[in-house]
Amino acid sequence: MHSNSLKHRVIKSGMFIFSGNALSQILRFVSNLIMTRLLAPDMFGLMALAGIFILGLNLLSDIGLKQILIQNKRSDDQFVNTVWTMQVIRGWLIWLFSIIVSIIFFLLSKWQLLPVDSVYNDSQFPYIVALIGLNSMIYGYEPTKVSFGNRNLTLKLNVTITLISQLIGFFAMLIWAFVRPDVWALVVGSIVATFSNTVMSYFIIEGKRNHFYFDKSVSDEIFHFGKWIFISSIMGFLVMSSDKLMLGALVDAESLGYFAIAGLLVGAVVQLVGSMIHTIGFPALCETFRDNPSNLGNVFYKLRLPFDVLLLFTMSFLFVTADTVVEILYDNRYQSVGWILQIMSICLFEVRYRLAGECFLAMGKPKLQSALTFVNLACLYTFGFSMYYFYGFEGLVWAVACSALSTIPVILFYLKKFQIVDWKKELMVLPVLGLGYLAGLLFNWVFDKFF
């Protein structure tokens, strides 16, 4: 009965997460299309690079506060409010450090210590970093009711609030862009969306309100749990961001803007699937491991099957149709996005294995995530610098796309070690690649023939 209850909640939550994230990505996609008509490519490059620094500050301070609320059996007020208090403090610290980072870049630019044509040397860059750091401070006040909704797989309100706040942020961005078509439209939209999400979470989701409280024994437990997540997050940030950090120093804002838009298109699929893997897969695997660990492998592959089909089909379809997709969506200023999108589509093959990371975390082995991230990071830097040296911008794009695949043998090794891997189920989904490729060829033929 309990397993049926879990299955029912997974399916129901999966529908909410999939539909909510699909709508979220559609809104984000439409927003991007509209903004590319109103704003120049270099503005997307500026915002992308500034966002990387804020992401870095968030990940460099990640001690698994949300994860421990989901993974830990405790839900008493002392435990929950200590976690929330640490979350608020962390948000303020991130904003403070974002201001410090902005001052450093301002001074480096003033003293002419940055490459003249780089994105880092843009006069607006320090101010953008300082302002979007506000998002982390606001987000720190998000109530723990949101995490417990994820823990219990009751996600309807969470998904609804996210969509509404995103829509509010979009309208704020759109209004600003019509009045003043500059990069600040993107900044304002981001802050308004975060503020809306936090406020609505307080007033719409039922449950106890958080208050400031600190218990040292709880904080010790959090730091013990989060130390490996902290290490993994540091390396994860470097894996996710090294491409943009390097390109920010090597190319101009326009080229970085092309890369960011291609990343946005691929990222729409990654975000859709990745959020479902984390929001649904992690709680389901945690509950399975707590109550029936012998069934972990069965639940793991049942959860992964739909992700495999979607990702493999989309990967091969995008690889074939990238230039056509960009031609349909964007004006002539953005056609360079096509070849980047084609290469970046290869990343999707690795995303299906992210459920394994959630499985290792559910088993109480967060250090395995650190090992996977280290492998990815080592390959990215080794191949990234060498490929850029020999082949320039295109070589670095190839290195970024392929470096993530390096973790797959390690993941399979650990899945085999813990008697989870099923080779038949690993191989039976691969023909979907061929279906996506054929669908892509058909799509190109129809477009060439009739348009």
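Keep in mind the model is a prediction, meaning the values are calculated, not measured.

Visitor: Quick one: what's the story with unusual backbone geometry, residue by residue and with numbers?
Guide: Of note, glutamine 112 is a non-glycine position whose phi angle comes to about 60°, a positive value. Here glutamine 112 shows up in the loop between α4 (77-110) and α5 (125-132). In this structure, glutamine 419 takes a positive phi of about 60° despite not being glycine. Here glutamine 419 is to be found in the loop between α17 (408-417) and α18 (423-427).

Visitor: Can you break down the state of the cysteines residue by residue, with the values?
Guide: Scanning all chains against the criterion turns up zero disulfides. Among the cysteines around cysteine 347, which has no disulfide bond, cysteine 402 carries the closest sulfur, lying 7.9 Å off. Take cysteine 347: its relative accessible area is 13%, and that puts it in the buried class. Here cysteine 359 stays unpaired: no disulfide links it, and the sulfur of cysteine 286, its closest cysteine neighbor, is 9.4 Å away.

Visitor: Give a description of α17 that names residues and reports values.
Guide: Taken residue by residue, α17 has Ile408, Ile411, Leu412, Tyr414 and Leu415 as its buried positions. Buried residues of α17, seen end-on, are gathered within an arc of 165° and therefore sit on one face of the element. Among the exposed residues of α17, those oriented more than 90 degrees off its buried face are Pro409, Phe413, Lys416 and Lys417. Positive phi shows up at glutamine 419, right after α17, with a value of about 60°.

Visitor: Any details on the nonpolar core? Residues and values, ideally.
Guide: Within the largest apolar cluster, 120 residues are counted, with the highest numbers of intra-cluster contacts made by Phe125, Ile128, Leu285, Phe300, Leu341, Met344 and Leu415. Tallying contributions element by element places helix α11 (residues 253-291) first for this core, with 18 residues.

Visitor: How would you summarise the packing of aromatic side chains if you had to cite specific residues and measurements?
Guide: The final tally for this structure, using the stated rule, is 23 aromatic pairs. Where phenylalanine 53 meets phenylalanine 105, the ring centres are 5.2 Å apart and the plane angle is 80°; that geometry is what we call edge-to-face. One end of the pair, phenylalanine 53, is in helix α2 (residues 41-59); the other, phenylalanine 105, is in helix α4, and 52 residues separate them in sequence. In this structure phenylalanine 105 comes out as buried when scored by relative accessible area, which is 10%. Pairing phenylalanine 313 with phenylalanine 317 gives two aromatic rings, centres 6.2 Å apart and planes at 10°, and the pair type is stacked. Of the two residues, phenylalanine 313 and phenylalanine 317 are both situated in helix α12 (residues 296-329); the distance of four residues between them amounts to about one turn of the helix. Note on phenylalanine 313: relative accessible area 33%, which makes it partly exposed. The partly exposed category is assigned to phenylalanine 317, whose relative accessible area is 21%.

What counts as what
- Residues numbered from 1 in each chain as written.
- Predicted model: local features only at pLDDT ≥ 70, side-chain atom pairs only at ≥ 80, totals over all residues.
- Heavy atoms only, no water.
- Helix = DSSP H or I, 4+ residues; strand = E, 2+ residues; numbered from the N terminus.
- Disulfide = S-S within 2.5 Å.
- Buried < 20%, exposed > 50% of the residue type's maximum accessible area, 1.4 Å probe, protein only.
- Arc of directions from axis to C-beta.
- Core = buried A, V, L, I, M, F, W, Y, C linked by side-chain atoms within 4.5 Å.
- Phe/Tyr/Trp six-rings, centres within 6.5 Å; stacked < 30°, edge-to-face > 60°.

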